[in-house]
Structures are given as structure tokens and as C-alpha cells.
Amino acid sequence: MGISKWKVTAFLLIALSAIAQEPAGQLPSSATPSTQSVISTPAPQPTTPMPASQAQAATAARALPAAGAPTTMDQVVDRAIAREHALMEALKTRTPLMETYLQNLTNDPQLGPVPKEDHYFFGRMDLADSGRQDYLSNDTSFQRRMLGGVTKLFKFEYKPLGFSWMIFADREEFDRAHYEFKYVHREFVGDVRCIVFDVTPKKHTGNGRFLGRIWVEDKDFNIVRLNGTYAPQPRNAYYFHMDSWRLNLIPGYWVPAYIYSEEGDFSYGAKDKIAFKAQTRIWGYDLKKNGKEDELTQVLVDSSVKDDSAAAQDASPLQAQRQWQQQAEDNVVERLQNAGLLAPEGEVDKILQTVVNNLEVTNNIELPRPVRTRVMLTCPLETFSVGNTIIVSRGLIDVLPDEASLAMVLSHELAHIVLGHNLGSKYAFNDRMLFSDESTYQNLGFRHMPEEEIAADKKAMDLLKNSPYSQKMDVAGLFLKQLSARGPALSALLTPHLGNSFTDSKGEIDRMAALMNSAPALDPNKLDQIAALPMGGRVKLNPWDDHVELIKTAPVAITSARDKMPFEVTPFFPRLTRYNHAGAVSPTSAANTAPSN
């Protein structure tokens, strides 16, 4: 049997965000108008009505043919196959964003496998026609992007489209004619009881067949996890192993959310040609569905009301300049959120706002407009400010070890605002917002001149000296030292796409570098010294609506230097819960014990 188009594209690797070890310190929990240091995480948001897009999904789920509860494992398999095809059909109208961050590995005698170089892929996947549009490349040739991992001129190359295809076991022929299903056992995955099957391709059914294990939840019989690879292995190409997770974010369906991939064996005598770990995150499923809902929310103003306040008069030149800058700021924030690059306003913004408030209050800073904070959803470590809005990447928040380190990051951008280093006023012209989402990085940019960066560093140091964080900068300095030590191997992670980097063109730290001089020595063997967290250590992203929240994990004891894993990719193990039809995911259950068969 010939190799179908989707199987050829599956030559790539994808991975997922990781649950990291407990940080050395906690981030603050909410914004207040006065100085404070808060270490508890925010309370869960209240239940909200079901959005229209989710209501439509619920209707579609209810429209599926009704069937009685299966009484045999064969019937469970049939139901799981039907639900998998229903999921693929339901997602055909979706074009989610897919981000893959990959680290090639080398063995360190003390620390074990560590990154030696990294790669970053970011694009939009069209689940209707299997296409992908990359944000970071001008190359739109499908032939150049179709393979995942290939050997070319004795050099291994990664191709992003292959990562994208690991969200399904078999897009076209997942059925009994092509696969054998063997019952293994039942187990709880988080709060969800699952029936586990080993899946093997039948003989002579072609290349690129899924080989591995699936977890099927026992209510609607959707697949919630896939773990395995594709077989048989073709010449001059690789099928990578993957561990793919889904979340129940809408009624009736479990949507692909995270994938972790790993290859390489560092045991004695191993001869693996490649060794890497990779995380893939998927989000923005509902991006293209927000417009009609937003149109229904309008403010009606009584035309008979007359505003006689001073603000109703023509703006002075200075007021006009500030309003122009705010218009540009609002345009950029709205455009980034519509493109799926910026999280909607939420609790994490309030956490960042707390730190900004602490810096402002203790330094007697009074600005004509309040400073806002937002979270960019991407992995590379970068920050920037546009107008009075400070934007920090999810990846950077993930790896920061404590609140003082966060203050170090935010103080630099606050200094730009205080010093009047306003960027982006040209974006007040609305035509500058008329570009495709995929060309965002080519149309927006907020990098400061070197002279402004130096001035912002100096001002930020002054802000920190007067702040409640003045005696806690040792960890921030250690964070920069750790970044400097790992930086040469993490060029993709340290490459900003919209904002400002921590390093110069040579990979040396050039932001807030003075803090490294007063920091203690970096010592991997000192187990209580946590200079930086692994990737995915802080922020949890909802793939359906793009909201973010802090990960709540119990403290985990570090028993060796290898447990620290600063800036490293790790596996992902989400706690699965069912969607609550009142509009929220059901709360965490105490049930963790696997039932007997």
C-alpha cells in the first residue's frame, strides 16, 4: 500500500510542555495599590457561562448517533475509533498555533544529558487540508516542509510539519482493517479513569502506521493520550517517539494540547546518531471564532447625555501626544491577542502587576496613565513595552526562580516607560495593523537602541535599590549567571522575535549584567541553589481560549544536581479532568488510585 500524504509528513517530532520542579520562591498572587510580597497562587476564577463556540461544540457532540454503553472490549475499541474520526471531523474548521522547542543533547559527566544546541518552530496548522504556515520562515514550499526528520548530505535536519502531525495516531486509516487492539488494563490518569490498549499495525498495511499505546476515557470513549511511534522506519528518515496528551476543554471532545518527544541513549556503548528532547504546545483553537461573539457585545450610549468635563475639550499638544501613543499601544495589544500571540487578560497579569506596583510605590513613580502587564504566549525569553504596557513571554516567566527575579525583569521595562523610551507610535495608524497573522514578526518590532538599553539598566538598578526586592537580588544575579553559562547552547531560546534579548550578538549577557557581580558563585552541587527552572515550570496555557494560569504543584525534593535542569525540556504529565458543563473544568479530585480490573 502506498504511503499517504499525511504519513509522509509524520516524519517529525513533537513534544510538550513539562511539569518542572518546585521553584525556589513563589510569584505574587494579585495586584494591590501598595507594597507587598505575596506568595500564594491566585484563587480559581469563578464559573462563567459557556461561550457560544463551546455551546456549538456541545450541540455537535449531542448530535452524534446515540449508542448504549459498551459491554465488551471490542465495543470499546469500536467506540474509540468512531470518536477519533469524529474529533478529526470536528477540528477541520480549526487552525491552531503550534510551537515546538527542541534541544539537541550531549552528555555531561556531572549533569547527565544537557543541551548542546536548540531549535524553535512556530506556525499555524490548518486541520482541514493538512497545511502549515510558518511564522519564522519565508519559505512556503510544501515540498521543503513536508518531511519531519531527514538525513540530507549526512546532516540531520528537523522539519516542523512532521511535529504537527503527531496529534493523531492515523489521520486516514485508524480502523480495525489496519490495526490490532489489545486490552492492557484500567488506570486513573488524574481524575479520569481510562481503559488502556496496545495498538499494533497489521502486516502489509503500509508504512507510517502508529505503534504504541492509547488511553481511552471510560465515559464517551475518547482517546486522551497516545504514546509510541510510527513504523516501519523508512530509509534516510526517522519516525520519532511521541507522548501526545489531550484535554477536555469543550463538551464531548478531548483536543490535542501537548506532545513530548525524546530520542537518544546515553548508556555505555550506545550508538544513537541523534539525541534530543522536544516540547510542542498547541493553542488558539478558538481564535477564528471570536469575531461574531465580540460583535454581540456593544455599549449603547444615550445620545442626549452631554459631557461638560475638561476631558470633553480639545486635547492640549501633550495630551494629544499621549493619546496618540495610547492608540498605538491599544492597536498593538489587540492585534497580538487576535493573532494568538498574547493571552487574554487574566490572573497572571495581576501577578505581574503586583510587582510593578511594588516598584512604583516605593520609588514614588507617578505616571499619567497606569502601567499594564500582559503575557505573550510564546517560548523564547523576551520582553518589550509598547506605550505603558509591559509584555513578558510565557517562556521567561516559566524559568524565573522567584519574585525578585521577576522584579528584575519588569524593572527594566518599567525604566523604559519612566524614561520616555516610547516605541511603536507609528502603529497608531490602523493600516499598519492590516497584515496576516503569519507575518506578525515581519510587521511588528519593539527593540530599543543600545543607548536606551544602557539607560534603562541604570534606571532599573535604582528602582530595585529602593524596592522591597533590594535585599533579594542574589537569586536574580544567579539567574543571569545560569543564563550566561547555558546561553551558547540556547540560541533559539534567547532569540527575541518582537522584543529585547538578554544577550548580545556574541551570546554574552548584556541586560542587568551588574547584578551578576554581586551574586554568589554558581554551584550545581549546592542543592538549595535554584538559579533557573526547567521549561514549563510556571505557566499553564488553555489551548482552547488561550487563557493562562500558574501551575499549582507540590514541592519536590531535589536530590542531585541532575534534578535542577535549568532551561531544559522535560516530559509533560497534565492532571486530566473532565469538562464541567457549567463552564469550567471540574475541580481536582482526590481519587488517584487505579481501580482493579
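For the structure itself, consult the block above.
Residues numbered from 1 in each chain as written. Predicted model: local features only at pLDDT ≥ 70, side-chain atom pairs only at ≥ 80, totals over all residues. Heavy atoms only, no water.

**Q** What is the right way to read the nonpolar core from this model?
**A** Soluble, globular proteins show a tendency: their nonpolar side chains are buried together. Counting residues in each nonpolar core, the largest one holds 81 residues, and the members touching the most others are Tyr101, Leu336, Leu396, Phe479, Leu480 and Phe567. Per-element accounting of this core gives the leading share, nine residues, to helix 10 (residues 403–418). Not counting residues within four places of it along the chain, the set of residues in contact with Leu336 comprises Leu341, Leu342, Phe384, Ile391, Thr440, Leu444 and Leu498. Within the second largest apolar cluster, 56 residues are counted, among which are Leu87, Leu226, Tyr253 and Phe276. (Core = buried A, V, L, I, M, F, W, Y, C linked by side-chain atoms within 4.5 Å. Buried < 20%, exposed > 50% of the residue type's maximum accessible area, 1.4 Å probe, protein only. Helix = DSSP H or I, 4+ residues; strand = E, 2+ residues; numbered from the N terminus. Contact = heavy atoms within 4.5 Å.)

**Q** I keep staring at empty space enclosed by the protein and nothing clicks. Help me out?
**A** Remark: the empty space left among the atoms is shown by a probe the size of a water molecule rolled over them. In the structure shown here, the tally under the stated rule is four cavities of 30 Å³ or more. Approximately 60 Å³ is the volume attributed to the largest cavity. Elements that contribute at least two residues to the lining of the largest cavity include exactly strand 1 (97–108), strand 13 (276–283) and helix 9 (394–399). (1 Å grid on protein atoms, 1.4 Å probe; cavity = no way out; pocket = protein on both sides within 12 Å on 5 of 7 lines; lining within 4 Å. Points joined across faces, edges and corners; volume = space filled by probe spheres on them.)

**Q** Explain helix 3 (residues 73–90) here, please?
**A** At 3.6 residues per turn, the α-helix brings residues three or four places apart onto the same side. If you check helix 3, its first and last C-alpha atoms are 25 Å apart, about what 18 residues at 1.5 Å a residue would give, namely 26 Å. Every buried residue belonging to helix 3 is among Val76, Val77, Arg79, Ala80, Ile81, Arg83, Glu84, Ala86, Leu87 and Met88, and all of these are buried. (Expected span 1.5 Å × (residues − 1).)

**Q** Just to check I follow, could you spell out unusual backbone geometry for this structure?
**A** The step from Ala231 to Pro232 runs through a cis peptide bond, and the omega angle for that step is -5 degrees. Summarising the element assignment, Pro232 is placed in the loop between strand 9 (223–231) and strand 10 (237–238). Backbone geometry at His204 places phi at a positive 65 degrees, although glycine is not the residue there. Within the secondary structure, His204 sits in the loop between strand 7 (192–201) and strand 8 (209–217). With a relative accessible area of 78%, His204 lands in the exposed category. In this structure, Met565 is a non-glycine residue whose phi angle is positive, near 50 degrees. With respect to the helices and strands, Met565 occurs in the loop between strand 18 (548–550) and strand 19 (579–580).

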